[in-house]
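# An overview of the molecular structure
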Amino acid sequence: MNIVICTTPIRPSPTDTPPFGSMVLIQSLRAAGYDPYFYDIDCLRPKFEEVVRFFEDKKPDFVGISAVVSTAYAYTKRLTAAIRKVSPHTKIVVGGNLAASSEMLLRLCEVDVCAIGEGEKVIVNLTKHWESQNERSGSYSELKHIKGISYLDEDSNMIFTGYDTAIPASEFLDPDFSILEQFSDIDQYINDPLHRYDFANDPRSYEPHRLGKKLAVINSAKGCVARCTFCHRWDRGYRHWDVDRIIENIQHLMDQYNVGFLAFGDENFGSDRKKLDYLIERLATLDILYKVGGVRVASVDLDLLHRMKKSGCVGMYYGIESGSPDILQIMEKNASLEQNINAAKWTYEAGLYTVYQLVLGMPGENHKTIAQTAEFLKQVTEFLPGPPSKRLSINYIQALPGTPIYEYARNIGEIGSTLEDEERYLMQISDTNAADDTKFLNFTEYDYFTVQSWRPRIVFDVEAHWYRNRGWKSVNTERSVSSVNVELPESEADEDYSRGGYFNLGHTFFIRHPLFYRTLSNPLGYPFRVVYPAAYVLAKDLKKLPKKLMLKYIWQFFSFKIKGRRSFKENRSLRRVMKDRAVPPSTVSEESMQPLRDGR
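Presented here is a report on the structure given in the accompanying data block. Quick caveat, the model's predicted, so the values are computed rather than measured. (Residues numbered from 1 in each chain as written. Predicted model: local features only at pLDDT ≥ 70, side-chain atom pairs only at ≥ 80, totals over all residues. Heavy atoms only, no water.)

### As for the side chain of N442
Its place among the elements puts N442 in the loop between α18 (419-429) and α19 (448-452). In terms of polar contacts, N442 uses its side chain to reach the side chain of T444, at 2.9 Å. From its side chain, N442 meets the backbone oxygen of Y446 in a polar contact 2.8 Å long. Other than its neighbours up to four places away in sequence, N442 contacts E414, D447, Y448, V451, Q556, R565 and R566. (Helix = DSSP H or I, 4+ residues; strand = E, 2+ residues; numbered from the N terminus. Polar contact = N/O pair within 3.5 Å; in protein donor to acceptor, adjacent residues only side chain to side chain. Contact = heavy atoms within 4.5 Å.)

This is the structure in C-alpha cells:
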C-alpha cells in the first residue's frame, strides 16, 4: 500500500523533541512488510499549498495524521479537507491526543477513523484491513474487531472499539533516528545544547572534551503514576524501558551523532526507584550531561539528587503547579505542599537547575490560594543567587479534551454541549499554547482582569521578597550553583532567554530593578502596589485583545463587583466532582465517547 504518516505543526516554531509516535508507527509498518513515507510537516514547515501538492501527487491509499496536541485541530481539519479534495479515495486516520475529540473529527472533518491510544498495533491492523477492501467505507463488521479505534457505523453512530492491551516494556521499539535522516531534518533534533540555559549555565558544559558535542532527546519510560485533572494522556500506568537498552540507545546516539548531552523527555521520570538507581550508575559511566523533565516531587530526596548531579545531571523539572494545598487536591497531584518545598530546596542544595512551573486559574482558585502560592515561592526562591522571576514559568489553565477540567468547562457552559460548540472552542485555541492568556477560560468567581492580575501580583511579591532579603541590593547575574570550579564566560553568566527556553516570563514582563520593588513595598507605595498588576494587564491587553472583547471584559469587571459570579466550594479532586455531576449517556455515540471524555 501507498502509506503516508505525517505530523502537524505544534507551536509557532518546530519542536526539537523527535516525533517518537510517528517514528514507531513507521517502524511497526516496516516490520509488517510495508514501506511508508514520513512527511514531517511540523519540522519542515512547508507552505500549505506545497502540502496540498504533495498529497495530490502522492495520492496515498492511507494517511496517518499524528496530532499530538488538541491545539492542532484547525490545521488537522484544513489538512483532511485538502487531502479528501485532491485524493478522494485516501483513507484518513487521525491519532494522538486530538483523537479524544473523535466524534467531532469523524462528523465535522474528513476523517475515516481515529486511533485511540498506542498506535503500533492499530496502524498495522488498519492497513491490513484496508488492503483487503475495495470500497472507501470498508467493512464495518471487520472494523469493530480492531481494538483502539473509533469510526461511524452504517447508522452514523460513533463506535469506539475499546482500548487495546498496553504494550509491555519488553516489546517497546527503540527509536530509529535514521528515519529523521531519511525524511526530515536531523539537525532539528540533534542540536546545540548551549541553546538551553541549564546546559549553558553549567560549567561542565565547557570542559574541553565536550566541545562540539550535540544534544538529543530520549525517553526512559511511558506513562505516569499520577492522573492530574488538567493533563490529557493515553497511556494507562507506568512502564519503564530496560535500563541496559536505554544505555545501548544512548551509546548509539553518541557514536552515530556525536551526542554528549541528553534531555529525558519522559512524562514521568524516575518513579521506578530501583531502575532509576541503576540508570544513574550506568549514566555515570558514559560521561555525558543530561537534564530530566516530568519529575514528581514525591520521587526525589537529597541523596538521590546529589547522586544524579554527580552522574552528570544539570537540571530537574517538576510539575509543582501550585503552592496551595486546596488547589493541589483539586488538581489531584497526589503531592503535598511540603513535598513541593522539599524538592525545590533539595534541588538547589544539590546544585541542580530548575524552573518553578505553576498553573493558575483552576476551579477554586481565589485570592487566598494565590497568596499561598506566592508564599510558597518566597520560601523556595529566597536563597537563589539571582532574581526569582528568572526562574518562574506561570501559565493559566487550558482545558483540553479528555480531561476533567474540559468536562467541567462543558458542564458550566464555558464551552457548550454540542459538537459545534466544542469545535468553536478548539478552533479558538488552535495553534496556541497555554502561555497565550487571551484565549483562556475563566473557571473562577472573579472577573477576567482580576484573574489576569494574579500572575504579575505573584511575581511582584516574590521578587520584592528576594530583594528585601538582600537589603535592596541589585544583583544582575546568576552564577551557576555548580560545585565544579570552572568560571563561566561573562556572556553565559546572565540568564539570556534569547538563547532558547520555552518558559513564558521574559525580561519585558516586569521592571527588574530593586528601586521599583522597594518604592512600591513602602507603605506610601501601597496604592501603586495595588494598582500595578491591574495596570499591567490593562496595558498588555489593550495591544492584544480585539476592542469588542476588551469592552466585554471591562463590563464584566464592573458587573462582577456588583452581582458576583459562581463559586467553586469543593476541596477534592475535580475528577470526583465531575463523576458526581455526570449525566448518563443517552445515545450510542455518547456511550462510545464516554471513555474518551474520562481519559485514562
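So much for the structure itself; the text now carries on.
### A short note on the packing of helix α20 (residues 454-469) against helix α23 (residues 526-544)
Packing of α20 against α23 brings their axes to within 8 Å, and their N-to-C directions diverge by 135°. Taken as axis vectors, α20 and α23 run oblique relative to one another. You can see that α20 and α23 cross each other, and the crossing is right-handed. Where α20 approaches α23, its residues P456, R457 and F460 are matched on the opposing element by R529, V530, Y532, P533, Y536 and V537. For the contact of α20 with α23, a count of residues per class yields seven nonpolar, no polar and two charged. (Axes fitted to C-alpha atoms, helices over the stretch in contact; angles between N-to-C directions. Parallel < 35°, antiparallel > 145°, perpendicular 65-115°, else oblique. Left-handed = near helix turned anticlockwise from the far one by under 90°. Nonpolar A, V, L, I, M, F, W, Y, C, P; charged D, E, K, R; others polar.)

### Observations regarding the sheet that holds strand β7 (residues 158-160)
Hydrogen bonds along the backbone pair up the strands of a sheet, which may run parallel or antiparallel. Spatially, the seven strands line up as an open sheet ordered β2-β1-β3-β4-β5-β6-β7, and their pairing is mixed. Two strands bound the open sheet, and with one partner strand each, they are β2 (37-39) and β7. Taking the axes of each pair of neighbouring strands and ignoring which way they run, one obtains an average angle of 20° across the sheet. Pairing of strand β5 (residues 113-115) with strand β6 (residues 149-152), which is carried by two bridges, proceeds in the antiparallel orientation. (Pairing = 2+ DSSP bridges.)

### Side note on helix α13 (residues 302-311)
Considered for burial, the residues of α13 that qualify are L304, L305, M308, K309 and S311. Projection of α13 onto a plane perpendicular to its axis shows the buried side chains occupying an angular sector of 165°, all on one side. In the core, the buried residues of α13 are packed alongside α12 (273-286), β12 (289-295), β13 (313-318) and α15 (337-349). Near the N-terminus of α13, the side chain that reaches the backbone nitrogen of D303, with its oxygen 3.1 Å away, is that of D301. Positive phi shows up at G312, right after α13, with a value of about 120°. (Buried < 20%, exposed > 50% of the residue type's maximum accessible area, 1.4 Å probe, protein only. Arc of directions from axis to C-beta.)

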